[in-house]
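A closer look at the structure
Listed below are the residues making up each chain.
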Amino acid sequence: MNSSTRPRPRAILRIHFHPAERSEELYGQLLAVVDGISSRVEPLPADWSAYVDLSGALTYWGRDAEGLIAVVRLRLLALHGVQCSAGAGPTRSIAAMAADLTPPGSATVVRDDPYEIAAFLRTKPASALPGIGPKTARTLARYGIRTVGDIADTRLPTLQRILGTAAARLAHDRAHGTDERPVVPGAAPRTKSAARRFDRDELDPDQHHRAVLGLVQGLGGRLRTSGEIAQALTLTVTYADRTQTLRTRSLTEPTAHTPALAATARELLTGLGLQRARVRALALRAERLRPAEETVHQLTLDQRDDRLRRLEAALDRAASRYGPGITGAASTFTRTE
């Protein structure tokens, strides 16, 4: 194969910004600096980072990935006094893993070479692979699968018995350095929201809880229908005088599972202490949505959770046929006194 027909190597960058103070304006300015190197920038404002596709920029600038990252770091520091950490590799997952290992002011680059990819991946603990969290890693460890190399070496049918079909395929592919997800320029983080306005200013905490339960049920169903998972929830309370209180909390695990969403929503509501508040409206927003296939559900030995998921799927099917409702959902949002 001559140089004119050889596939262009992929180079995906995951960059984290580390400013002393954060503002939306500054984040936009930092993205503009990166955009000056490559226009294929996917913002991730929730954690002040971004994915950047450097594949075409390597040829345009006549530099390798290390050289381009050095230019970006220098410009960020000179123009805004902001340090960054960066990881680069041939796929999004490798770039993310490399970035997680890198302290501010440094960069880790994995070249698009099978031997270098294998050398980088195989020694990492299983939990370092995107989609494999601590609980799943512990489950894999019980079968002697402790590293990314162990995942790569395990036959797919065996992994499927442990993780399930979709999760096993995802883990197996990423353990072999396969991840075809592109960088999506300018993609804003997606959200979904639901709101409840009371007929009168509501003082009863039980009514507040019931209203939030209804919002959780609606959001969970919509997320599952669209094949998305949320990474955080934001609760907004509007009072009788039209002032508002807003609270956001990250979910322990990105999910569209109603009981998990309900637990976080309950914590948000309880933390506000609305016992004597005159509440006019409540709104719940699912933040930082991602495709459901990007995250592996953490395995659990909780049989009740498994039953709830099966019930949830049945209720979703019923809702799609007969219309939305919250029948049978109260157990997902239990209160403790």
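What this report covers is the structure whose coordinates are included nearby. (Residues numbered from 1 in each chain as written. Predicted model: local features only at pLDDT ≥ 70, side-chain atom pairs only at ≥ 80, totals over all residues. Heavy atoms only, no water.)

Section: the packing of aromatic side chains
Applying the stated rule across the entire model yields three aromatic pairs. An aromatic cluster of at least three residues, connected via ring pairs, comprises Phe 17, Tyr 27 and Trp 48. Above the face of the Tyr 51 ring, Arg 92 is positioned so that its terminal group lies 4.0 Å from the ring centre. In this structure, Lys 124 packs its charged tip against the face of Phe 120, placed 4.1 Å from the ring centre. (Phe/Tyr/Trp six-rings, centres within 6.5 Å; stacked < 30°, edge-to-face > 60°. Lys NZ or Arg CZ within 6 Å of the ring centre and 35° of its normal.)

Let's talk about the sheet that holds strand 6 (residues 190-202)
Across the sheet, which stays open at both edges, the four strands sit in the order 6-9-7-8 with antiparallel pairing between neighbours. Each edge of the sheet is formed by a strand with only one pairing partner; in this case those strands are strand 6 and strand 8 (244-255). Averaged over all adjacent pairs, the angle separating strand axes in this sheet is 15°, with direction ignored. Where strand 6 lies against strand 9 (residues 279-291), eight bridges are found, and the strand directions are antiparallel. The residue bridging Arg 190 from the neighbouring strand is Leu 289, located in strand 9. Each of strand 6, strand 7 (228-239), strand 8 and strand 9 touches helix 10 (residues 205-226); the most contacted strand, strand 6, lies at about 155° to it. Contacting strand 7, strand 8 and strand 9, helix 11 (residues 258-272) runs over the sheet at an angle of about 150° to strand 8. (Pairing = 2+ DSSP bridges. Helix = DSSP H or I, 4+ residues; strand = E, 2+ residues; numbered from the N terminus. Axes fitted to C-alpha atoms, helices over the stretch in contact; angles between N-to-C directions. Contact = heavy atoms within 4.5 Å.)

Some words on the environment of Leu 233
The residue Leu 233 is located in strand 7 in this model. In this structure, the C-alpha to C-alpha distance between Leu 233 and Ala 286, residues 53 residues apart in sequence, is 4.8 Å. When neighbours within four sequence positions are excluded, Leu 233 is seen to be in contact with Arg 247, Thr 248, Arg 249, Leu 261, Thr 264, Ala 265, Leu 268, Leu 284, Arg 285, Ala 286 and Glu 287.

Some remarks on the pattern of salt bridges
Under the counting rule described, the total for this entry stands at 12 salt bridges. With a shortest N-O distance of 3.3 Å, Arg 280 and Asp 201 are connected by a salt bridge. You can see Arg 280 sitting in strand 9 and its partner Asp 201 sitting in strand 6, a full 79 residues away along the chain. One salt-bridge network, in which partners are shared between bridges, spans Glu 66, Arg 111 and Glu 116. (Salt bridge = Lys/Arg side-chain N within 4 Å of Asp/Glu carboxyl O.)

Looking at the side chain of Thr 255
Its place among the elements puts Thr 255 in strand 8. Excluding anything up to four places from it in sequence, Thr 255 contacts Leu 223, Ile 229, Ala 230, Ala 260 and Leu 261.

Some details on the sheet that holds strand 2 (residues 41-44)
The strand order 2-3-1-4-5 describes an open sheet built from five strands, whose pairing is mixed. The sheet is open, and its two edges are formed by strand 2 and strand 5 (107-109), each paired on a single side. Taken pair by pair, the neighbouring strands of this sheet meet at an average axis angle of 15°, ignoring direction. The sheet contact formed by strand 1 (residues 12-18) and strand 4 (residues 83-89) spans seven bridges and is antiparallel. In the sheet register, Leu 13 faces strand 4, and the bridge partner there is Ala 88.

Describing the environment of Arg 285
If you trace the backbone, Arg 285 turns up in strand 9. Along the primary structure Arg 285 and Ala 194 are separated by 91 residues, whereas in three dimensions their C-alpha atoms are 6.5 Å apart. Side-chain polar atoms of Arg 285 contact the side chain of Glu 287, separated by 2.8 Å. (Polar contact = N/O pair within 3.5 Å; in protein donor to acceptor, adjacent residues only side chain to side chain.)

Some words on the pairing of strand 4
Across the seven residues of strand 4, six count as buried, placing the element largely inside the fold. Taken together, the three bridges between strand 4 and strand 5 define a ladder with parallel strand orientation. The residue of strand 5 that forms the bridge with Gly 87 is Thr 108. (Buried < 20%, exposed > 50% of the residue type's maximum accessible area, 1.4 Å probe, protein only.)

Quick look at helix 5 (residues 114-122)
Within helix 5, burial applies to Ile 117, Phe 120 and Leu 121. Burial along helix 5 is one-sided: seen end-on, the buried residues are contained in an arc of 90°. Summarising the geometry of helix 5, the exposed residues directed more than 90 degrees from the buried face are Tyr 115 and Ala 119. Its side-chain oxygen 3.0 Å from the backbone nitrogen of Tyr 115, Asp 113 forms the N-cap of helix 5. (Arc of directions from axis to C-beta.)

Describing helix 6 (residues 134-141)
Among the residues of helix 6, Thr 136, Ala 137, Thr 139 and Leu 140 are the ones counted as buried. Here the buried residues of helix 6 occupy an arc of 160° about the axis, which is enough to place them on one side. In helix 6, the exposed positions angled more than 90 degrees off the buried face are occupied by Pro 134 and Arg 138. On its buried face, helix 6 is in contact with helix 7 (148-153) and helix 8 (156-163).

Without other data, these values stay purely geometric and don't point to any function.
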